[in-house]
8 protein chains.
Amino acid sequence: MSKISILMGSQSDLETVNEAINLLKEFKVDFEAKVLSAHRTPKEVAAYVEAAPKRGTRVFIAAAGMSAALAGVVAAHTALPVIGIPIETKNLKGLDSLLSTVQMPPGIPVGCMAIGKAGAKNAALFALQILGTGDKAIQKKMVAYKAKMRKHIKSIKLKV
Amino acid sequence: MSKISILMGSQSDLETVNEAINLLKEFKVDFEAKVLSAHRTPKEVAAYVEAAPKRGTRVFIAAAGMSAALAGVVAAHTALPVIGIPIETKNLKGLDSLLSTVQMPPGIPVGCMAIGKAGAKNAALFALQILGTGDKAIQKKMVAYKAKMRKHIKSIKLKV
Amino acid sequence: MSKISILMGSQSDLETVNEAINLLKEFKVDFEAKVLSAHRTPKEVAAYVEAAPKRGTRVFIAAAGMSAALAGVVAAHTALPVIGIPIETKNLKGLDSLLSTVQMPPGIPVGCMAIGKAGAKNAALFALQILGTGDKAIQKKMVAYKAKMRKHIKSIKLKV
Amino acid sequence: MSKISILMGSQSDLETVNEAINLLKEFKVDFEAKVLSAHRTPKEVAAYVEAAPKRGTRVFIAAAGMSAALAGVVAAHTALPVIGIPIETKNLKGLDSLLSTVQMPPGIPVGCMAIGKAGAKNAALFALQILGTGDKAIQKKMVAYKAKMRKHIKSIKLKV
Amino acid sequence: MSKISILMGSQSDLETVNEAINLLKEFKVDFEAKVLSAHRTPKEVAAYVEAAPKRGTRVFIAAAGMSAALAGVVAAHTALPVIGIPIETKNLKGLDSLLSTVQMPPGIPVGCMAIGKAGAKNAALFALQILGTGDKAIQKKMVAYKAKMRKHIKSIKLKV
Amino acid sequence: MSKISILMGSQSDLETVNEAINLLKEFKVDFEAKVLSAHRTPKEVAAYVEAAPKRGTRVFIAAAGMSAALAGVVAAHTALPVIGIPIETKNLKGLDSLLSTVQMPPGIPVGCMAIGKAGAKNAALFALQILGTGDKAIQKKMVAYKAKMRKHIKSIKLKV
Amino acid sequence: MSKISILMGSQSDLETVNEAINLLKEFKVDFEAKVLSAHRTPKEVAAYVEAAPKRGTRVFIAAAGMSAALAGVVAAHTALPVIGIPIETKNLKGLDSLLSTVQMPPGIPVGCMAIGKAGAKNAALFALQILGTGDKAIQKKMVAYKAKMRKHIKSIKLKV
Amino acid sequence: MSKISILMGSQSDLETVNEAINLLKEFKVDFEAKVLSAHRTPKEVAAYVEAAPKRGTRVFIAAAGMSAALAGVVAAHTALPVIGIPIETKNLKGLDSLLSTVQMPPGIPVGCMAIGKAGAKNAALFALQILGTGDKAIQKKMVAYKAKMRKHIKSIKLKV
């Protein structure tokens, strides 16, 4: 039973989304991941989002680029939290994806992450933090993850 | 039977969209106009877009602001041409609406107009030009409209 | 016991943040709200964020403008989810607040909302959606809230 | 008899415009394509645009970069619909081309596509959608094209 | 015989262009000014630009907003220097006018001024500097004008 | 005796400025070119600009990147026309150079060209157009240059 | 003997710069303030900057808008630290002033503050922090100032 | 005893920060450099900043990218001057780092440098200028450094 469902608008988004997937594997948390496009498969997105909670989904992650409607459209079909990853783009460097994902109108929130791979990794962490609000085990792993980051940074010896 | 269907994402968009409506009235071309939101009423948008051609729709106009998904979502549900009007916004001055409307991924085109009222007026003209490709009467009116604009500009006497 | 803690960087942010506060009142969900600045009261922010979970906090909302470090600094001190509201600014229209809030480096996520009042309202809804992942009553209210929005939009009669 | 006329401002635009050309070939729809610059050959643009309808043109596509005046200048000389492709640019990444193409003043619409290759492909599809409003065969092919895209996306198996 | 010809794309541009006109009056240099639009009266622009040198024009000034094609189109029709004034715009604050005016492709230069009234005043000064390269009297007035500015600034007594 | 003086803020600007230099060589017009920085050699800039007219300078071209003060500082020291070339930059892609060069305050005009090589080539052409206002031979060459460009474009045969 | 010298490019900048002046008065630290423009009075700027250290200046503050060359030009003439205030602008909202002030080329630093009044106040504080590196009394006042800010924030009682 | 303390948010920032380090080595001024992140090691940043003055620190330099909170957070914990280096970023080219570093709210100044390596080099020079306000030897070296730059530029012989 996957509590986290990841959608991406195009197969080429996988390279970015893998940052999220690898993090979830590291945390050993189940997830499902699928390519579905708000513009090319609108009905499949609606059907998927409505069916997912029955399979256990508690949080959605949606990654898309350019006019990145996917996260907003997922949010339109669910009352569960939706996290958006704005995919980097060739011409406008992800500014289009970012504004399309973050500037949601009142009533339909999307929790937007940074553009690209940093955002993808953080989407996974944020999904885990959400699940962690009701799951001590995940929350504990998150605390450990942060401690490890801190320890890593403190251990860096610069050669200057 | 209305050949042009206008959707807007929020009632507050009407002030801008009225530029399109007034132009269509001036041309005496039937149209229908409705508030439907890609984010708040996704199923109603889908149902409306699929039913409209049976009522005569040949062109859609969609106006929305911020993360302006409406035009793209309309285009997702139809093979008819969709014209997008990016609504001006308080903070980012319509740049968010513009990029969300124009930066459509390959496969699902939206014909994007300028931000705000200029774009709304042009959306109506563009819809008429599309209908005019198969309707001599409309095309003739369009030619006359352009001639009138030209005449008006030529008649301006500057006091300098 | 407040499950939602709202911080804002300046008293002048309250006008925007009230959109979140009013929504939480409408949902009858307890919250606490406080002015604390990442730049002017860094230790108080740290102390507050560390103590809040003991009082029941499960989600943080942080609102700040300009170089909007607050949400990121809150996220630095907790493993709970942090939602960021970029406050509109006089000169750069909130673009500075948006990029400072959303472009978080990998490891420390912030779920960023839209600039200004739309974002503030959505921050409250998103916090409720997060709590709703483990609370059927809140989730039910959220479903009802979305249904009401949909109904409202469908009821609009345009005079055109 | 070509119903679609494609102009580009520079020979180097062909790499981008080929996305449109290949799509039209795939649809087996006749077109003509020519390099003409609004700035370097203004009279030839005017003459070409005025003569094209006599050869069958029903829709224009114009691609240009930087201060991309071409689509607007084509629109100045015709009452037929004009679709604009903003060419990507070295320094401003196509933002200059986009704003020059999309921000048309009231009275002279241009249906603007996304920057670069995505926009070029969509320009062809949009031109076909326009022709399809009066041509059942094209409209049918467009419906089939969209169905094929949908099917392709649904068939993707992610390896995660 | 006017050596400076001013074109503006719309009557509403006159408020901005008056900064140029007043400066030319102050310098007692003849000029002509006219409303002509690259998009609404393309042939009249071409005819005007080609005829003007016979009436004495040595420099053109062109002011336009949004997709500001006017200066570039004037430059397309003449080998004389063309100065562009990007008019301020409601939504994008003149960024659209600026990029449309300044980002001219190689081969067809436009000397672009700042957005709005500062740019309009400077357009007049720049036109005079151009004429001054071959006219000692104008050059002398320009030197005096700069000396007066300097004197004015040096005379300011701040109350602090 | 060089009628055109070219300054650039850094030796690395030469790659861009060569577009101007090659054009001037093609026109067989004398020029001088020098590296001088508004920030690193302010006095040398002042001295150079004041002395140049005695050597025959009638027009200045100034190329600089980042906070591109050079063109404005040259304009501060002369009543002759100054043409600015905003050099492309690594991070902000020349947007910094562009705004620093074009947004001159009222009283001190700079005729700004496009960012980078296109701008450099146009700077040379614009300088020649300025000289051409008082020099029939240069004006004639300019007319021939434009005719050649037109002819070249008309000769292009696309393989599509 | 004033250790802080404030220059501003235009008398209209005083409204913004007064935020700095009032702060310095509050700290009872002597300063001098003058209107001098890098573009309209370049020699006076050079003379002023070179003479000021003899009158006691240890830090410069320079405020300017649009193509804001002033801080960079001051820095060109001194080895003392220069603090830049980018003045807000009508059209580009101070983005032009900001990039012109902050994007200094290597070799000539300017310590840039935020756009407008926030930046002006901080310029005064930063100048005092610089003086404070060698002046215990000023440093002590700065510590007290920060403590007062902290206390003020902690005292705020929100009515929510 | 190091008078200059350099912090950077990530080890990957060192490539940029080395421009500062090399300059300080060239000036033979002691410094210390450390990786500490405002988001991953907030307490370590606070502890470091509070302890550094006891080891001799008189100026801080802080380099960070994306939502670059580091310089502001350092400034929150000290009354000493803080210089910020906005690190270049993959997607938004350092615009995010720049706005996060420079747009500090009133009360907590950061002296912001240019994006990337130019800014890093200037951060070192600016730190030295600050120390130079109370140290004749450093000030003298700075004057010599500027003279050397000037001489170098004057010595450049262009081959054109």
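To start, this report covers the structure provided alongside it. Because the structure is a prediction, the values reported are computed rather than measured.

Remarks on the environment of Ala114 of chain C
Thought 1: Positionally, Ala114 of chain C belongs in the loop between strand S5 (111–112) and helix H5 (117–132).
Thought 2: Separated by 21 residues in sequence, Ala114 of chain C and Asp135 of chain C place their C-alpha atoms 26 Å apart.
Thought 3: Dropping the residues within four chain positions of it, Ala114 of chain C is found in contact with Val102, Gln103 and Met104 of chain A, Met66 of chain B together with Pro86 and Gly119 of chain C.

Focus on the side chain of His39 of chain D
Thought 1: Note on placement: His39 of chain D falls in the loop between strand S2 (31–35) and helix H2 (42–51).
Thought 2: Residue contacts for His39 of chain D: discarding those within four places in its chain leaves Ser67 and Ala69 of chain D together with Gly72, Val73, Ala76, Met104, Pro105 and Ile108 of chain E.

Brief notes about the packing of aromatic side chains
Thought 1: The tally for this structure, following the rule as stated, stands at twelve aromatic pairs over all chains.
Thought 2: Where Phe126 of chain B meets Phe126 of chain D, the ring centres are 6.2 Å apart and the plane angle is 10 degrees; that geometry is what we call stacked. Of this pair, Phe126 of chain B sits in helix H5 (residues 117–132) while Phe126 of chain D sits in helix H5 (residues 117–132), placing the two residues on different chains. The two residues Phe126 of chain B and Phe126 of chain D agree in class, both being buried.
Thought 3: For the pair Phe27 of chain D and Tyr145 of chain D, a centre-to-centre distance of 5.5 Å together with 50 degrees between the ring planes defines the contact as tilted. One end of the pair, Phe27 of chain D, is in the loop between helix H1 (14–26) and S2; the other, Tyr145 of chain D, is in helix H6 (residues 136–155), and 118 residues separate them in sequence. Note on accessibility: Phe27 of chain D and Tyr145 of chain D belong to one class, buried.

Digging into unusual backbone geometry
Thought 1: Here Met66 of chain B, not a glycine, exhibits a phi torsion of approximately 55 degrees, which is positive.
Thought 2: Inspection of the secondary structure puts Met66 of chain B in the loop between strand S3 (59–64) and helix H3 (70–76).
Thought 3: The phi torsion at Lys28 of chain G lies on the positive side, around 55 degrees, for a residue other than glycine.
Thought 4: With respect to the element layout, Lys28 of chain G can be found in the loop between helix H1 (14–26) and strand S2 (31–35).
Thought 5: You can call Lys28 of chain G exposed: its relative accessible area is 72%.

Overview of the state of the cysteines
Between two cysteines, a covalent bond joining their sulfur atoms is known as a disulfide.
Thought 1: Applying the stated rule across the entire model yields zero disulfides over all chains.
Thought 2: With no disulfide of its own, Cys112 of chain G lies 6.3 Å from the sulfur of Cys112 of chain H, the closest cysteine sulfur.
Thought 3: In this structure Cys112 of chain G comes out as buried when scored by relative accessible area, which is 0%.

What to know about the packing of helix H4 (residues 95–102) of chain C against helix H4 (residues 95–102) of chain H
Thought 1: At a minimum axis distance of 9 Å, the contact between H4 of chain C and H4 of chain H shows a crossing angle of 105 degrees. Comparing the axis directions of H4 of chain C and H4 of chain H gives the class roughly perpendicular. Contacts between H4 of chain C and H4 of chain H involve Leu95, Asp96, Leu99 and Ser100 of chain C on the former and, on the latter, Leu95, Asp96, Leu99 and Ser100 of chain H.
Thought 2: For the contact of H4 of chain C with H4 of chain H, the per-class residue count stands at four nonpolar, two polar and two charged.

Section: the arrangement of the chains
Thought 1: One finds no contact between chain B and chain F; the C-alpha atoms of the two approach each other to within 17 Å at their closest.
Thought 2: You won't find any contact between chain C and chain F; their C-alpha atoms come no closer than 15 Å.

Concerning the relation of the copies chain A and chain C
Thought 1: Superposing chain A onto chain C requires a rotation of 180 degrees together with a translation of 0.0 Å along the rotation axis, leaving an RMSD of 0.0 Å. Taken together, the rotation angle and the small translation identify this as a two-fold axis. For chain A, the smallest separation between a C-alpha atom and the rotation axis is recorded for Gly111 of chain A, amounting to 2.1 Å.
Thought 2: A high fraction, 100%, of the interface residues of chain A reappear at the interface in chain C, so the copies pair face to face through one surface.

Topic: the relation of the copies chain B and chain D
Thought 1: Of the transformation superimposing chain B on chain D, the axial component is 0.0 Å and the angular component is 180 degrees, with the fit at an RMSD of 0.0 Å.
Thought 2: Interface residue correspondence from chain B to chain D reaches 100%, placing this contact among same-surface, isologous pairings.

Section: the interface of chain B and chain D
By a widespread convention, an interface's size corresponds to the accessible area lost as its parts come together.
Thought 1: Of the residues lining the interface, 39 residues belong to chain B; the matching set on chain D comes to 39 residues.
Thought 2: Its largest share of buried area at the contact with chain D, chain B owes to Ala79, Pro109 and Thr133 of chain B, together 18% of the area lost on that side.
Thought 3: Applying the counting criterion to the chain B and chain D interface returns zero salt bridges.
Thought 4: Here chain B and chain D share 17 residue pairs in polar contact (both at pLDDT 80 or more) between them.

Quick look at the interface of chain A and chain C
Thought 1: Facing 39 residues of chain A, the contacting portion of chain C comprises 39 residues.
Thought 2: Taking both sides of the interface into account, the surface hidden between chain A and chain C amounts to around 3,200 Å²; carbon and sulfur atoms contribute 65%.
Thought 3: Counting the surface chain A buries against chain C, the share from its top three residues, Ala79, Pro109 and Thr133 of chain A, is 18%.
Thought 4: Counting the contacts that link chain A with chain C gives zero salt bridges.
Thought 5: If you look at where chain A meets chain C, you find 17 residue pairs in polar contact (both at pLDDT 80 or more).
Thought 6: At the level of secondary structure, the elements contributing two or more residues to the side of chain A that touches chain C comprise helix H3 (70–76), helix H4 (95–102), strand S5 (111–112), helix H5 (117–132) and helix H6 (136–155) of chain A.
Thought 7: Among the elements that take part in the side of chain A that touches chain C, H5 of chain A stands out by supplying seven residues, more than any other.

Quick word on the pairing of strand S4 (residues 82–86) of chain A
Residue and element names in this part refer to chain A.
Thought 1: Most of S4 sits inside the fold, with five of its five residues counted as buried.
Thought 2: The pairing of strand S3 (residues 59–64) with S4 spans five bridges and is parallel. Residue pairing across strands places Ile61 opposite Ile83, the latter belonging to S4.
Thought 3: Taken together, S3, H3 and S4 form a β-α-β motif whose crossover is right-handed.
Thought 4: Traced from S4 through H4 to S5, the parallel crossover comes out right-handed.

As for the packing of helix H1 (residues 14–26) of chain H against helix H5 (residues 117–132) of chain H
Residue and element names in this part refer to chain H.
Thought 1: It is the contact of H1 with H5, at a shortest axis distance of 7 Å, that shows an interaxial angle of 35 degrees. Both H1 and H5 take part in a crossing whose hand is right-handed. For the pair formed by H1 and H5, the contact residues are Glu15, Thr16, Val17, Glu19, Ala20, Leu23 and Leu24 on the first element and Lys117, Ala120, Lys121, Ala124, Leu125 and Leu128 on the second.
Thought 2: In the contact of H1 with H5, the residues fall into eight nonpolar, one polar and four charged.

Focus on the pattern of salt bridges
Close approach of charged atoms allows side chains with opposite charge to pair.
Thought 1: Under the defined criterion, the tally for this structure stands at 33 salt bridges over all chains.
Thought 2: Taking the shortest distance from any N to any O, the salt bridge between Glu15 of chain E and Lys117 of chain E comes out at 3.3 Å. Here the residue Glu15 of chain E occupies a position in helix H1 (residues 14–26), and Lys117 of chain E occupies one in helix H5 (residues 117–132), the gap between them amounting to 102 residues.
Thought 3: Owing to a relative accessible area of 56%, Glu15 of chain E belongs among the exposed residues under this scheme.
Thought 4: Overall, the relative accessible area of 35% leaves Lys117 of chain E in the partly exposed class.
Thought 5: Of the charged contacts in the structure, one is a salt bridge between Glu44 of chain G and Lys154 of chain E, with a shortest N-O distance of 3.3 Å. One end of the pair, Glu44 of chain G, is in helix H2 (residues 42–55); the other, Lys154 of chain E, is in helix H6 (residues 136–155), on a second chain.
Thought 6: For Glu44 of chain G, a relative accessible area of 16% corresponds to the buried category.
Thought 7: Of the residues examined, Lys154 of chain E reaches a relative accessible area of 45% and is grouped as partly exposed.

Topic: H5 of chain C
Thought 1: In a regular helix each residue adds 1.5 Å, so 16 residues correspond to 22 Å; H5 of chain C covers 23 Å between its end C-alpha atoms and thus fits that length.
Thought 2: Within H5 of chain C, 14 of the 16 residues are buried, leaving the element largely enclosed by the surrounding structure.

As for the side chain of Thr133 of chain G
Thought 1: Relative to the assigned elements, Thr133 of chain G resides in the loop between helix H5 (117–132) and helix H6 (136–155).
Thought 2: Judged by its relative accessible area of 17%, Thr133 of chain G is buried.
Thought 3: Looking at Thr133 of chain G, its side chain comes within polar contact range of the main-chain oxygen of Ile130 of chain G, at 2.6 Å.
Thought 4: Not counting the four nearest positions on each side in its chain, Thr133 of chain G is found in contact with Arg58, Pro81, Ile130 and Thr133 of chain H.

Criteria and cut-off values
- Residues numbered from 1 in each chain as written.
- Chains lettered and ligands numbered in written order.
- Predicted model: local features only at pLDDT ≥ 70, side-chain atom pairs only at ≥ 80, totals over all residues.
- Heavy atoms only, no water.
- Helix = DSSP H or I, 4+ residues; strand = E, 2+ residues; numbered from the N terminus.
- Contact = heavy atoms within 4.5 Å.
- Phe/Tyr/Trp six-rings, centres within 6.5 Å; stacked < 30°, edge-to-face > 60°.
- Buried < 20%, exposed > 50% of the residue type's maximum accessible area, 1.4 Å probe, protein only.
- Disulfide = S-S within 2.5 Å.
- Axes fitted to C-alpha atoms, helices over the stretch in contact; angles between N-to-C directions.
- Parallel < 35°, antiparallel > 145°, perpendicular 65-115°, else oblique.
- Nonpolar A, V, L, I, M, F, W, Y, C, P; charged D, E, K, R; others polar.
- Least-squares fit on C-alpha atoms with pLDDT ≥ 70 in both.
- Buried area = accessible area lost by both parts, 1.4 Å probe.
- Salt bridge = Lys/Arg side-chain N within 4 Å of Asp/Glu carboxyl O.
- Polar contact = N/O pair within 3.5 Å; in protein donor to acceptor, adjacent residues only side chain to side chain.
- Pairing = 2+ DSSP bridges.
- Right-handed = clockwise from strand over helix to strand, strands pointing away.
- Left-handed = near helix turned anticlockwise from the far one by under 90°.
- Expected span 1.5 Å × (residues − 1).

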